[in-house]
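Report on the structure
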Amino acid sequence: MLFYVEHVGRFPDEINHVSYIAYLEKSHKIIPDFKNMTILEQTKPVDNNSIKNATYTFGSDFNYLGHPPLYYQIMRLSGAVKIENNTVIINFIKLRSFNIMLSSLAILLILYIGYSRIGKNPLLHCLYAAIVVSVPMLAYDSAGINNDTLALIGLSVFVFGLLRFSERKRNFPTYLIISLGVFLSFMSKLTAGLVVFISLCIYIILIIIKEKNAGFLISRKLLATFPVYAVTAAYYIIVYFQTSSIMPTYRLLDPADYYASGFYVDTAQRTHMNFTQYIIYFSKNFLITWTGIASHVSLLKVGSLFSVNNIALLLLLILPVILLFQIKKAIKKSSITLVAISVYLGVVISAITQCLRAYNEYVNVSGYMGGYQSRYYLCGISAIGLGIVMIVKNFLEDEDNISIMNIEFESRLTLQCYQSKTGFKYKKAILYSICLFFILLLFYEDIIYFLINFKDYL
């Protein structure tokens, strides 16, 4: 993250996010009047020499960010944005450092989740650690000023709470952790909230099937956390009455400016695609933004999606599907797998929803061909990591059980027993080699590929 701050910069919509912080600093409102937010304009060019004391004024261009204000209120605590008369003074180094601190807390929690749940196999820990830090946009996005950081914290807290619940640590702190995960996710952005909502619904269904009991839904400990959920709902109710939508959009808040912006394409200039063509277009770009860096500065990997530059990162999205074939075993035995399945499906269904929403926007409203960024779902990386590790762990345990059964069955036949042990050792060595190669490939496809191929440094 420090490397990206120092040498790359140009983070996604950073000035819009900073403008949101500055608006709150000036207005001292808890919930902003979204229709009155504008984007800051430079009073003089900002470079590395002036980045600690950059000066701006509020411009006339509309700030289309309609996200909840919690992240921006937290960022105000950095003291990096000051208002003097009509001048906004921004210390970008302090502001980005504060965001990096928040991102680091999220990563530490994600790593703790793996450390405390995976077991004693060091290779599985290495595999999990590599997965949760190797998607290129994760470190890059976390280095800039962006509310994706709060989404990463929220989903990680939510996953941690579900894991505790699955382990039958069903005390008040567990219910509180889950409610805080829901609150932080919904108060970061609606996309993260949708992931949490879908994940929670799926998890509740699976846990009821597993335990054949839904009594936890009327627990006093759950009812005690109701105020947290009530505050979450209250925010969206207030915003709905203010803007006639739970998610204020550019088109809704400032139609004239929207139709003059790059988010709207005149009908005569639009590229026309049918549903199938659009799904292919969306999916391809979704995967490209997962394997590379896409922002105001980009390093998108050229060539086949299944080349050595992309394949390990793409497998992070595909491999957890195997969990669906282990769901019966998970319901009977593995609490971790249930959580991983639920959150992974939450991510997948939310991404599909995003695709359908983008298609409807493209066809019926704007002709806009964006809206396919995959970074919105990096908040669920802990569940993806846990899911893949549990697939490998389940395979190793199955082999262990088969080996033990063979040894017991053939205990009187020394040669066959030896062959059984030897065959298992070979299979285990092959699987370990694949995991090690996969880990190295993840590191190559992330920072090593970036260092080799990126040239446009600050």
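Residues numbered from 1 in each chain as written. Predicted model: local features only at pLDDT ≥ 70, side-chain atom pairs only at ≥ 80, totals over all residues. Heavy atoms only, no water.

Here's the deal with helix α5 (residues 122-133)
Look at α5: 17 Å from first C-alpha to last across 12 residues, which is about the 16 Å you get at 1.5 Å a residue. For α5, the set of buried residues is Leu123, Leu124, Leu127, Tyr128, Ala130, Ile131 and Val132. A distance of 3.0 Å separates the backbone nitrogen of Leu123 from a side-chain oxygen at the start of α5, and that oxygen is part of Asn121. (Helix = DSSP H or I, 4+ residues; strand = E, 2+ residues; numbered from the N terminus. Expected span 1.5 Å × (residues − 1). Buried < 20%, exposed > 50% of the residue type's maximum accessible area, 1.4 Å probe, protein only. Polar contact = N/O pair within 3.5 Å; in protein donor to acceptor, adjacent residues only side chain to side chain.)

Overview of the state of the cysteines
In total, this model carries zero disulfides according to the counting rule given. Cys126 takes part in no disulfide bond, and the closest cysteine sulfur to it belongs to Cys435, at a distance of 10 Å. Residue class for Cys126 comes out partly exposed when judged on its relative accessible area of 43%. No disulfide involves Cys379; its sulfur sits 16 Å from that of Cys201, the nearest cysteine. Residue class for Cys379 comes out buried when judged on its relative accessible area of 3%. (Disulfide = S-S within 2.5 Å.)

Remarks on the side chain of Thr38
Within the element layout of this structure, Thr38 appears in strand β1 (residues 38-42). What makes Thr38 buried here is its relative accessible area of 17%. What Thr38 contacts, discounting residues up to four positions off in sequence, is Ser19, Phe58, Gly59, Ser60, Asp61, Phe62 and Asn63. (Contact = heavy atoms within 4.5 Å.)

What about the layout of surface pockets?
Each pocket or cavity is described by its volume, and for the largest pocket that value is around 1500 Å³. Taken together, 47 residues line the largest pocket, and the ones lying closest to its centre are Phe263, Arg357, Gly371, Gln373 and Tyr376. The set of elements that each furnish at least two residues to the lining of the largest pocket consists of α9 (190-211), α12 (250-253), α14 (275-291) and α17 (335-364). Sorting elements by how many residues they give to the lining of the largest pocket places α17 first, with eight residues. Its residues placed into classes, the lining of the largest pocket shows 21 nonpolar, 20 polar and six charged. (1 Å grid on protein atoms, 1.4 Å probe; cavity = no way out; pocket = protein on both sides within 12 Å on 5 of 7 lines; lining within 4 Å. Points joined across faces, edges and corners; volume = space filled by probe spheres on them. Nonpolar A, V, L, I, M, F, W, Y, C, P; charged D, E, K, R; others polar.)

Things to note about the packing of aromatic side chains
Here the structure, examined in full by the defined rule, presents 36 aromatic pairs. Seen in terms of ring centroids, Phe165 and Tyr175 are 5.8 Å apart; in terms of plane orientation they differ by 85°. Their pairing is edge-to-face. In this pair, Phe165 sits in helix α7 (residues 148-166) while Tyr175 sits in helix α8 (residues 172-186), placing the two residues 10 residues apart along the sequence. Ring centres of Phe450 and Phe454 lie 4.6 Å apart, and the angle between their planes is 15°; this geometry places the pair in the stacked category. The two residues Phe450 and Phe454 agree in class, both being buried. One cation-aromatic arrangement involves Arg170 over Phe165; the distance from NZ or CZ to the ring centre is 4.0 Å. (Phe/Tyr/Trp six-rings, centres within 6.5 Å; stacked < 30°, edge-to-face > 60°. Lys NZ or Arg CZ within 6 Å of the ring centre and 35° of its normal.)

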